[in-house]
Every structure is written in structure tokens, then in C-alpha cells.
Amino acid sequence: MKTTITRRFGWLVLLVAISVGAIVFSILVRTTPTAAENASAVASPTVIATVPVAGPLGVGVNPRTNLIYAASQSNFVSVIDGVTNSVITTVYAPSLTGYGVAVNPQTNMIYAGGPNNVQVIDGKTNTVTANIFLFGWSTGVAVNSQTNTIYVANSTNATVSVIDGKTSALSATIDTVGSYALYLAVNPTTNTVYVANYNNGTISVIDGATNLVTATISVGRLPYGIAVNSSTNTIYVANFDDNTISVIDGVTNFVKTTVDVGTGSGPLGVAVNPTTNRVFVANDYSNTVSVIDGASSSLVATVPVGLHPIGVGVNPTTNRVYVANSNDNTVSVIADGPGSGANWAFPFAAGTSAQIGLYGIHDDNFSGMQDDRTHATFAFANYTATTALDIVLPPSTLGTSTIPATSVASGTVLAVWAPCQLVLIDHGNGWWATYLHLANIPVTSGDAVTTGSILGYPTTVKPTLSRCKNVNSSAEHVHLAFLRGSDAKRTGTFVTLLGQAFCSHRVLELNSDPTNIILKGLTTTKGQVFTVPSCG
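Since we're looking at a predicted model, the values are computed, not measured. (Residues numbered from 1 in each chain as written. Predicted model: local features only at pLDDT ≥ 70, side-chain atom pairs only at ≥ 80, totals over all residues. Heavy atoms only, no water.)

K.L.:
For this particular structure, what's the right way to read the state of the cysteines?
P.N.:
Linking two cysteines covalently through their sulfur atoms gives a disulfide. Within this structure, the stated rule accounts for 1 disulfide. A sulfur-sulfur distance of 2.0 Å marks the disulfide that ties Cys 503 to Cys 535. With the S-S dihedral at roughly -80°, the linkage between Cys 503 and Cys 535 falls on the left-handed side. One end of the pair, Cys 503, is in the loop between strand 44 (501-502) and strand 45 (505-510); the other, Cys 535, is in the segment after strand 47 (530-531), and 32 residues separate them in sequence. (Disulfide = S-S within 2.5 Å. Helix = DSSP H or I, 4+ residues; strand = E, 2+ residues; numbered from the N terminus.)

Spelled out as C-alpha cells, the structure:
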């Protein structure tokens, strides 16, 4: 039986100050961690897996489905599951160069460059749906997901092709300032395209609204890969012959610094993780990946990978970096700090009947909370984003369930806000989780929990505290959300559950609809009742 969960609204957390026995409330003001603080808090990047893939050159990532696409010159695109780090299928796409591949996560479409064409792959069916003919040798491909526009660098005639994602048709051709346009990157926030002109050491800046070149920026010798951090409006260019990375200010279009990645490195591909504000550079000659801290523009690590790495892709949701090693037929998987909870348990015991709530991936998180025992306050960023998931106990009933909600992993209870029916747990490695709509909560802050520890009982009874009056539920369920957090600062940022997995059943959306959620291998339709499996 399908259930409907009443929505709540985020609001400012109030700070409790105790004075002469009276409780005085004031507005909590707390800043979220800066990019520099996030970068310094995460662990050193490390290779955690090596995936066999035939001749990979370019890499594209869909963070919403946690799937990775590795293109090769052998006319195949290998699809890698980000949970299991294994190839789950191979798409035949004739006439590929293999260097350029990009993903539009909003439409779940993949674009792979060929000698004079771009092939469009439907991520839902893993089939080629269109082959768009272009003029010039097509290398780099980039997508503006906000405008559903695809940009392709045509190296032999120094142009950029503009493709309408809705029609899969060529809509414009832009003459670039430089020579031999190889790769390009898009800042969707500013609607600006940056093209690396390999032969003359420049970057062409294109206004995505007008398709006009608005500036030309001089960088190092033989610029190859290029990437954008839209959060900081910073552009990174790999200068192959200089063994340097040019760091460009997107506001001024000036190179503000240059980072040396080592003599003889041969930097090619570049990718940015906006979550950690780190830049990853594939070094073809040294068989390494250079890691640059975006806050300080300094080299912070060098990670050995496979032979002749070229393409790099990042999943900022799971903090995983994927490197195409062209000469040993592998893709290296690098963990960049806190990673995906690849095997969370369900918040109910094995054998329990459950279903995903009809809102699917949605918002309705708190902007913060206060611990009942210590009165410590926690601030949450990104609480209005569609990140959380309701896991419901069918059939729809009112009251307090006798079935307990349980911890999805081991960890430490950071805070319990019983009047608002909320529990916050640190599950380790920078991962927090909030569990909402719980009554009779048996844990307190500081308690250690293990997978399956009882956290409370799902309830539809309205909270007793007036400040929580908008916390409503019309069915017994757990409103579960994950955050990346800092215990020291007591701040966390909500991240989407898409691509996460419960007992290896990945959370997926159907038809690019965040309300239409299934669990891969467990459910096939929206709202389907399932039996909670054992994680083994």
C-alpha cells in the first residue's frame, strides 16, 4: 500500500543558552566549512581499486547514477559500476576516438567523440541513440547540464561544435582564436566555455549565451586537458610541454598562479573535485596523478597509477576519482577523502517489509540541531537540496511502530534531539547520517553504535517542541539523509543518496525523475514493497 509523507520545511536552528535556570533562545549563526577547511580535513588520496578495461582513453562520470564511462579507440564504451568497481556492460559505438566523453547527469545521456562525429548514448538503455556528424577531428567533449548543451572541440579546423541536447542536432559552429583545439570545459554557473588551443598555448573563452569568443588567455606550452571548479570559478589547464598547471581566475581571465607537477611528468587530463576542492592531473610520462589543493594552489600528493594515464573523471558525490591508464588496459579508482558508503545496511532489520516513500529523493532536512544532553549545536548546509530518502514501514498506519529503526553502520552518536525526533550519527571517514521521525530514542550523544543498533521507533505522533511543529509524518518511516561532516566544527553538508547503496542495492532514479526511485536488484517500480535483505 502506497503512503504519502507530509513535507516539512527547513528552518534556522536556535542556540540554547542557560541563565539562572531560564532557557533563552537566540538565532544560531554558524558558517559551513570553507573549501580549504574541507580539503585539509580529508584523507590523502589513495588508489583503492583497479578495474580492467580495454584501452581506456577518456572518462566520464554520472554522479546521480554512480556510473562511470570509459571510452576507447576500439569503438567501445565500458560502463563501470561505482559501487562494485566492475564493468557491468560495454556499449558498442562505432568510430570513436576515445579521448572525449562527457555525461549530462540531468538527462542521463552520454556523449562520446569520434573522428568527425559525436555519438549519443542513452544511459538508461546503454544504446547509441544518435550519431551527429561534425566537421573536423573531434576530441574533447563537455556538457552544460543546466542548458542541456554539448560542446565538442574539433582539433583539425580549430572550431567548437555546439549541439542541442534536446534535439541531438548541431546548432552552431564557433571559430576559436587559437590553433588545434583539443579539450574544453564548461562552467555551468557562468555559462562560459574554455577551450585549450594546443599549438599556440592559449585558452579561448566563449560566452555560452552568444557563442562568441570573449577573451584569449595565454598559458604554458602545449595546453592539453582543462577543468573548471564552478564553485570557486577557477580554471585549471595542463601544459604538457611545461609540466605545469595554469590556474586561471574565471572573473578576471588572468592566470593567477602556475603549479609545477614535476620535470618529465607530461600532464594531460585534468579533473576537479569541488567537494574537496582538489585538482587531479594525469601525468602520461611519470604514470602518476598529481593532486593539487585548490585553496592554496599547491601540490599536496602524487599518486602512482597505471601506464600512461590520460583521461580523468570525478564523482563529487562519492569522492571517487577515475583515471584511464591507456597502456595497461585499466582504470584506477582513487579515494579522495570520505567516500561512498558502498554497503550501508538498511535502517530496519533483515526480514522487515519496507518501501521507498513516494517523494523519492527529496529535501525537508533540518538546517541544524541541538543535542539534548550537552546542548551542543550542529549546523547543516545544503539542507534545501534533494538529498534525503524516506524508508517506510507498510501498510500506512498512524502512531508509533513496534518495529525499531536501526543504525546503517557502526559509529558514534553525535547528537540526539528527542523533542524533534532526530538522531545524528558519525559513521566514520567523514560520513554522518540523520535519522528523523523517531520516538522512544534509547541512545544519547557519545554512545557507540554498531550496525543494527536500535535508534528509536518510527512515529507519526507530532513532536512536542513547538519549534518542531513542521515535522509531520502520515506514515511510520525513517527520513534518512547523509552528510559529509566535521566533528571539530560541528558542521555538515547534506549529499544525495543517489548512487549510494544499501546491502549493495544501489539507489537509482528512473526516467531522470528523482521521485521515481528504485533499489537496483531489489525493486523495479516506484513504491514497491520489498523485504529488507541481510547484508551478509
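K.L.:
What am I meant to see in the packing of aromatic side chains here?
P.N.:
The final tally for this structure, using the stated rule, is 14 aromatic pairs. Taken together, a centroid distance of 6.0 Å and an interplanar angle of 75° make the contact between Trp 344 and Trp 431 edge-to-face. One end of the pair, Trp 344, is in the loop between strand 30 (330-335) and strand 31 (353-362); the other, Trp 431, is in strand 38 (residues 431-436), with 87 residues separating them in the sequence. Here Trp 431 falls in the buried class, since its relative accessible area comes to 3%. Over the ring of Phe 378 we find Arg 490, and its NZ or CZ is 6.0 Å from the ring centre. (Phe/Tyr/Trp six-rings, centres within 6.5 Å; stacked < 30°, edge-to-face > 60°. Buried < 20%, exposed > 50% of the residue type's maximum accessible area, 1.4 Å probe, protein only. Lys NZ or Arg CZ within 6 Å of the ring centre and 35° of its normal.)

K.L.:
Where do I start with the environment of Leu 134 in this structure?
P.N.:
Inspection of the secondary structure assignment puts Leu 134 in the loop between strand 11 (127-133) and strand 12 (138-144). According to the relative accessible area criterion, Leu 134 is buried, its value standing at 0%. If sequence neighbours within four positions are ignored, Leu 134 has contacts with Asn 116, Asn 117, Val 118, Val 152, Asn 154, Ser 161, Ile 163 and Leu 170. (Contact = heavy atoms within 4.5 Å.)

K.L.:
Explain the sheet that holds strand 23 (residues 254-260) here, please?
P.N.:
Strand pairs in the sheet, formed through backbone hydrogen bonds, run parallel or antiparallel to each other. Judged by pairing direction, the sheet is antiparallel, and its 4 strands sit side by side in the order 20-21-22-23 without closing on themselves. What marks the edges here is a single partner per strand, and that holds for strand 20 (223-229) and strand 23. Averaged over all adjacent pairs, the angle separating strand axes in this sheet is 20°, with direction ignored. With 5 bridges connecting them, strand 20 and strand 21 (residues 234-239) associate as antiparallel partners. Bridge pairing in strand 21 places Asn 229 opposite Thr 234. (Pairing = 2+ DSSP bridges. Axes fitted to C-alpha atoms, helices over the stretch in contact; angles between N-to-C directions.)

K.L.:
What am I meant to see in the sheet that holds strand 41 (residues 454-458) here?
P.N.:
Spatial strand order, 35-41-39: 3 strands in an open sheet with antiparallel pairing. Edge positions in the sheet fall to strand 35 (405-406) and strand 39 (438-439), since each has one partner strand and no second. Relative to strand 41, strand 35 runs antiparallel, the two sharing 2 bridges. Bridge pairing in strand 41 links Thr 406 to Ile 454.

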